[in-house]
Amino acid sequence: MRPRSASSCGSRAVAAMAPGREAALLLLLLVLPPAGAGLSGYFGTKSRYEEVNPHLVSDPLSLGPAASGSLPASCTPLQLRAVLRHGTRYPTAGQVRRLGELHARLLRRAAGAAACPAAAALADWPMWYEESLDGRLAPQGRRDMEQLARRLAARFPALFAARRRLALASSSKHRCLQSGAAFRRGLGPTLDFGGDEVEVEVNDSLMRFFDHCAKFVALVEENDAAMCQVNAFKVGPEMKKVLEKVASALCLPVEELNADLVQVAFLTCSYELAIKNVTSPWCSLFSEEDAKVLEYLNDLKQYWKRGYGYDINSRSSCVLFQDIFQHLDKAVEESKSSKPISSPLIVQVGHAETLQPLLALMGYFKDDEPLLATNYAQQAQRKFRSGRIVPYAANLVFVLYHCEHVNASQEEYQVQLLLNEKLLSFHHSNKTTSTYTDLKDYYKDILENCHFKEECEVPKVNVTAVDEL
């Protein structure tokens, strides 16, 4: 894995927040004019799917601009393998609890906040989130999945024709199971997939491979030192500027705010937009420049925990990558033997944490320089923007085609790859279509030499330093 940076990673994580500061933060946001529209492009993994496909705002079933693929007309799809992120969800119980504590402080302090009308007004915001929601799928999340299913069926009608087998799998998380069920409902009763209630198989070994990788859990997930870049940015100059602005608006000493508290407010702005399609008063706290700083903080975490920061982040996903190609291989073999394709449609529902490592394993959205606490300005045009890669309802789709009247036998089977319903160019050709043979050859090392059990073994030596990663 990438060695530890020489930046301020050695410093401690951000200090615990002072008890009074949370109250006033929430107070600001109800008073200032709405700013949600300008912020929506910077919510990272809490972004609406419409941020990457704006045409869906006016028409949720639109297929958008025509895909410029280069497939011959004689090609017909044999198999579609889709890995989805669940749809829009509610905050987790922990997030709701913290927000509730913040709001309660505001209510207690509102009486003495006459000098800060913004803070007083924010205390009037109705706290409607409950811990029982705990990351469950929101009604908008069900619509996300139903509409995605309808668009995929419209895009690939031959594969979604009646009486074609649909294999649905999901992580064990309720939001993923519900997303899988909503996807099936979106296909409607006209498609006979063996009855309306297609069983959703729980498969955490593929959809939550990160939980099963001991090396990742020990050295990244549960290792505070692994997030040194994130913690350094929290106390860096960019975040300090945001904190000073918020503190001034709230008439608070800046020492009473920290990055974690600001993130709570920012995420509440994002949830209200995604779940209820409203501009929350929380949004009024932030300018677009503030949002860019907070997006970078989110992306830093994704980069070092799920992306290119450490090799194990992506290597742990090879079990899913190999499973995808095993099914593609089987479809090719069945086609060559003139047998019906046993699994023409395979749809699996997981998390941002499922898709982000997989895309990193495949080499997508990799910047020339790593994301660091110290290079925020240099990364303004970075490829690694989690909100553009894995918003709610994100989807990575492999489509295998059989092509007739081709010039060479290896051109008989071809593949296209779509991310969020847009064609991705393949690294080895910079084209949006590849022969299956060339694609397998490009990823030969991962397909043959990435062994999940060995990759995920914790080093024998007792390590606590990131340098071992």
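The coordinates are above.
Residues numbered from 1 in each chain as written. Predicted model: local features only at pLDDT ≥ 70, side-chain atom pairs only at ≥ 80, totals over all residues. Heavy atoms only, no water.

J.: Explain the overall build of the protein here, please?
T.: A count of helical and extended segments in the protein gives 19 helices and eight strands. Here the protein holds 469 residues, and 56% of them are scored as buried. (Helix = DSSP H or I, 4+ residues; strand = E, 2+ residues; numbered from the N terminus. Buried < 20%, exposed > 50% of the residue type's maximum accessible area, 1.4 Å probe, protein only.)

J.: What's the story with the pattern of salt bridges in this structure? I'm lost.
T.: Where charged atoms from two side chains of opposite charge approach closely, those side chains can pair. As enumerated under the stated definition, the model contains 16 salt bridges in all. The salt bridge involving Arg382 is made with Asp299; its shortest N-O contact spans 2.8 Å. In this pair, Arg382 sits in the loop between helix H15 (352-361) and helix H16 (386-389) while Asp299 sits in helix H12 (residues 288-305), placing the two residues 83 residues apart along the sequence. Of the two residues, Arg382 and Asp299, neither departs from the other in class, the shared state being buried. (Salt bridge = Lys/Arg side-chain N within 4 Å of Asp/Glu carboxyl O.)

J.: It is not clear to me how the state of the cysteines should be interpreted in this structure. Could you clarify?
T.: Working definition of a disulfide: a covalent bond connecting the sulfur atoms of two cysteines. Summed over all chains, the structure comprises four disulfides. Between the sulfur atoms of Cys269 and its disulfide partner Cys283 the distance amounts to 2.0 Å. Between Cys269 and Cys283, the S-S dihedral sits near 105°, and the bridge is therefore right-handed. In this pair, Cys269 sits in helix H11 (residues 259-276) while Cys283 sits in the loop between H11 and H12, placing the two residues 14 residues apart along the sequence. Comparing Cys269 with Cys283, the two get one shared label, buried. The disulfide partner of Cys318 is Cys450, and the S-S distance across this bridge is 2.2 Å. Taking the torsion about the S-S bond as the criterion, the Cys318 to Cys450 disulfide, at about -80°, is left-handed. Taken together, the residues Cys318 in helix H14 (residues 318-336) and Cys450 in the loop between helix H18 (444-449) and helix H19 (452-455) connect sequence positions 132 residues apart. (Disulfide = S-S within 2.5 Å.)

J.: What am I meant to see in the nonpolar core here?
T.: Buried together is how nonpolar side chains tend to be arranged in soluble globular proteins. Counting residues in hydrophobic clusters, the biggest one holds 101 residues, and the most contacted among them are Phe233, Leu396 and Leu400. Ranked by residues supplied to this core, first place goes to H11 with eleven residues. Not counting the four nearest positions on each side in its chain, Leu396 is found in contact with Arg81, Ala82, Val83, Leu355, Leu358, Leu359, Met362, Leu417, Leu418, Leu419 and Leu424. With 31 residues, the next largest nonpolar core counts Val52, Ala82, Leu148 and Leu159 among its residues. (Core = buried A, V, L, I, M, F, W, Y, C linked by side-chain atoms within 4.5 Å. Contact = heavy atoms within 4.5 Å.)

J.: How should I be thinking about the side chain of Arg151 in this particular structure?
T.: Take Arg151: it is sitting in helix H5 (residues 139-155). What makes Arg151 buried here is its relative accessible area of 2%. With near-sequence residues (within four places) excluded, Arg151 lies in contact with Tyr49, Leu56, Pro60, Leu61, Ser62, Leu63 and Glu421.

J.: Mind showing me how you'd approach unusual backbone geometry here?
T.: Backbone geometry follows two general trends: most residues other than glycine have a negative phi, and most peptide bonds adopt the trans configuration. Non-glycine residue Ser338 carries a positive phi angle of around 60°. Structurally, Ser338 is set in the loop between H14 and strand S4 (345-350). The residue Phe365 is not glycine, and still its phi comes out positive at about 60°.

J.: Whenever I open this one, the environment of Ser287 confuses me. Can you help?
T.: Position of Ser287 among the secondary structure elements: in the loop between H11 and H12. Expressed as a C-alpha distance, the spacing of Ser287 and Leu39, which sit 248 residues apart in the sequence, is 7.4 Å.

J.: So what exactly am I meant to see when it comes to the pairing of strand S2 (residues 166-170) here?
T.: Consecutive side chains of a regular strand alternate in pointing toward one face of the sheet and then the other. Counting buried positions over the five residues of S2 gives five, a clear majority of the element. Burial along S2 is two-sided: Leu166, Leu168 and Ser170 facing one way and Ala167 and Ala169 facing the other are all buried. Of the pairings in the sheet, the one linking S2 to S4 comprises five bridges and is parallel in character. Residue Leu168 lies in a different strand from S4, and its bridge partner there is Val347. Bridge count between S2 and strand S3 (residues 200-202): three bridges; the pairing is parallel. (Pairing = 2+ DSSP bridges.)

J.: What should I look at first to understand the pairing of strand S5 (residues 395-403) in this one?
T.: Of all the nine residues making up S5, nine are buried; the element is thus mostly covered by neighbouring parts of the structure. Bridge analysis of strand S1 (residues 75-85) against S5 gives nine bridges, and the strand direction is antiparallel. In the sheet register, Thr76 faces S5, and the bridge partner there is His402. Note that S5 and strand S6 (residues 413-419) share seven bridges and pair antiparallel. Bridge pairing links Phe398 to Leu417 in S6.

J.: What's the story with the side chain of Asn395 in this structure? I'm lost.
T.: With respect to the helices, strands and loops of the structure, Asn395 is situated in strand S5. The class of Asn395 is buried, set by a relative accessible area of 0%. One polar contact links Asn395 to Tyr49, side chain to side chain, over a distance of 3.0 Å. Separated by 3.0 Å, the side chain of Asn395 and the backbone oxygen of Ala393 make a polar contact. Sequence-distant contacts of Asn395, defined by excluding residues within four places in its chain, comprise Tyr49, Val83, Leu84, Leu148, Leu355, Leu418, Leu419, Asn420 and Glu421. (Polar contact = N/O pair within 3.5 Å; in protein donor to acceptor, adjacent residues only side chain to side chain.)

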